[in-house]
Amino acid sequence: MKSPAKPFLIAQISDLHIKARGALSYRVVDTARHLRECIAHIKGLKQRPDIVVATGDLTDFGRPEEYGLLRELLGELDLPLYMIPGNHDERANLRAAFPEHAYLRQHPEFVQYVIEEWPLRIVALDTVIPGESGGVLCEKRLGWLAQQLRERPDRPTLVLMHHPPFRTLIGHMDDIGLANAPSFKAVLVNHPHVQAVLCGHLHRSIETVWRGIFMSTSPSPAHQVALDLSADGPSCFMMEPPAIRLHAWSAEDGWLSHTSYIGKFDGPYPFHDEGGLID
Ligand SMILES: [Fe+2]
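Residues numbered from 1 in each chain as written. Predicted model: local features only at pLDDT ≥ 70, side-chain atom pairs only at ≥ 80, totals over all residues. Heavy atoms only, no water.

A look at the coordination of the iron ion
Every protein donor of the iron ion is listed here as D15 (OD), H17 (NE2), D57 (OD) and H203 (NE2), and their distances to the metal cover 2.1 to 2.2 Å. Around the iron ion sit four donor atoms; with metal-centred angles ranging over 87 to 176°, the donor geometry is irregular. Sequence positions of the donors to the iron ion reduce to the motif D-x1-H-x39-D-x145-H. In this pair, D15 sits in the loop between β1 (8-13) and α1 (31-43) while H203 sits in the loop between β7 (194-199) and β8 (206-210), placing the two residues 188 residues apart along the sequence. (Donors = N, O, S within 2.8 Å, 3.2 Å for Na, K, Ca; no water. Tetrahedral: all angles 85-135°; square planar, octahedral: opposite > 155°, others 65-115°. Helix = DSSP H or I, 4+ residues; strand = E, 2+ residues; numbered from the N terminus.)

Right, dumping it as structure tokens:
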């Protein structure tokens with residue numbers, strides 16, 4: 001039997017919320033320690049990802065000193081890395097901290113860019129409204145997206161954006177979601193070569209399928225948004241197990257997505273011994 005083609009592997013990290021050295025996020029979470037553990041986790045995966053994508057909220061308040069520490073921590077990652085901003089980021093400070101990441105400056109105004117060199121063409125979007133928690137894709141940004149998607153209909157494409165274009169039922173997060181998701185979807189509907197839309201913001205693994213397109217959010221390597229599907233639940237987080245997503249794509253099999261938990265766990269234990277399935 002012919003062995004299947006090796007899938008393209010994408011490790012997704014999101015919502016790192018790095019603060020200045022020694023400071024705790026919300027006075028509770030040591031996000032720098034969590035990112036160190038996350039990077040060690042990625043480096044220890046049995047299969048080495050082809051790329052890493054970081055889908056926003058890279059820092060907690062978008063300050064230069066936070067990006068300074070982020071840069072130092074990410075320096076341990078020995079894989080191609082693509083970052084986008086979230087509502088906790090600041091475009092100019094992000095660009096200034098990573099001068100060698102030229103893609104951050106592809107668009108003069110927004111941190112939107114296209115990466116051509118992988119089996120999946122990456123189209124990254126900037127949903128940030130400075131000073132606000134919710135996101136939007138204005139006419140300019142949507143026009144840019146439509147143009148990029150029109151240019152290469154022959155190329156399977158991955159879209160990255162911080163604010164997800166779907167309701168999650170976590171009320172306080174949907175309240176600060178993407179303001180104009182229907183406009184975004186109206187662009188996508190003409191472009192069946194889009195394979196997936198990977199997002200952050202929710203600090204949880206959430207998936208949906210919209211017109212055959214896989215859409216998901218990522219857990220955080222630090223703190224997670226509490227699972228509460230009420231419209232008016234409190235805005236709070238839980239120290240549930242930190243995680244990354246490991247996505248696999250191939251032209252033959254399409255999209256597949258795993259959640260990989262960061263931490264020390266018992267095992268591995270075998271299912272079988274010399275007598276067969278262990279009873
Ligand atoms: Fe976040």
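Points about a nonpolar patch on the surface
A cluster of nonpolar side chains, L169, L227 and L229, forms an exposed patch at the surface whose accessible area comes to about 310 Å². Mapped onto the elements, L229 comes out in the loop between β10 (224-225) and β11 (237-238). A relative accessible area of 51% places L229 in the exposed class. (Patch = residues over 30% accessible without salt bridge, like charges linked within 9 Å, V, L, I, M, F, W, Y side chains within 5 Å. Areas by Shrake-Rupley, 256 points an atom, 1.4 Å probe, with all protein chains shown as cover. Salt bridge = Lys/Arg side-chain N within 4 Å of Asp/Glu carboxyl O. Buried < 20%, exposed > 50% of the residue type's maximum accessible area, 1.4 Å probe, protein only.)

Re helix α6 (residues 181-188)
Along α6, the residues classified as buried are A181, F184, K185, V187 and L188. Buried residues of α6, viewed axially, fall in a sector of 155°; they line one side. (Arc of directions from axis to C-beta.)

Some points on α1
With 13 residues, α1 should reach 18 Å at 1.5 Å per residue; the first-to-last C-alpha distance of 18 Å fits that figure. Among the residues of α1, those classed as buried are T31, A32, H34, L35, C38, I39, H41 and I42. Buried residues along α1 sit in contact with β1, α2 (64-74), β12 (243-250) and β13 (254-261). (Expected span 1.5 Å × (residues − 1). Contact = heavy atoms within 4.5 Å.)

Quick word on the packing of aromatic side chains
Per the stated rule, a full pass over the model turns up five aromatic pairs. Between Y82 and Y103, the aromatic rings sit 5.4 Å apart at their centres with planes inclined by 55°, giving tilted as the arrangement. Here Y103 lies in the loop between α3 (91-97) and β4 (113-115) and Y82 lies in strand β3 (residues 81-84), a separation of 21 residues in the sequence. The pair formed by Y82 and Y103 is uniform in burial state, with each residue classed as buried. Residues Y103 and Y113 carry aromatic rings whose centres are separated by 4.5 Å and whose planes lie at 50° to one another, so their mutual orientation is tilted. Here the residue Y103 occupies a position in the loop between α3 and β4, and Y113 occupies one in strand β4, the gap between them amounting to ten residues. For Y103, a relative accessible area of 8% puts it in the buried group. Chaining the aromatic ring pairs together yields one cluster made of Y82, Y103 and Y113. (Phe/Tyr/Trp six-rings, centres within 6.5 Å; stacked < 30°, edge-to-face > 60°.)

Quick notes on the sheet that holds strand β6 (residues 157-160)
Taking strand neighbours across the sheet as the criterion, the six strands line up as β4-β5-β6-β7-β9-β8 in an open arrangement whose pairing is mixed. Sheet topology places β4 and β8 at the edges, where each strand pairs with a single neighbour. Pairs of neighbouring strands in the sheet enclose a mean axial angle of 20°, with direction left out of account. As judged from the four bridges shared by β6 and β7, these two strands associate in the parallel manner. Bridged to L160 within β7 is L198. (Pairing = 2+ DSSP bridges. Axes fitted to C-alpha atoms, helices over the stretch in contact; angles between N-to-C directions.)

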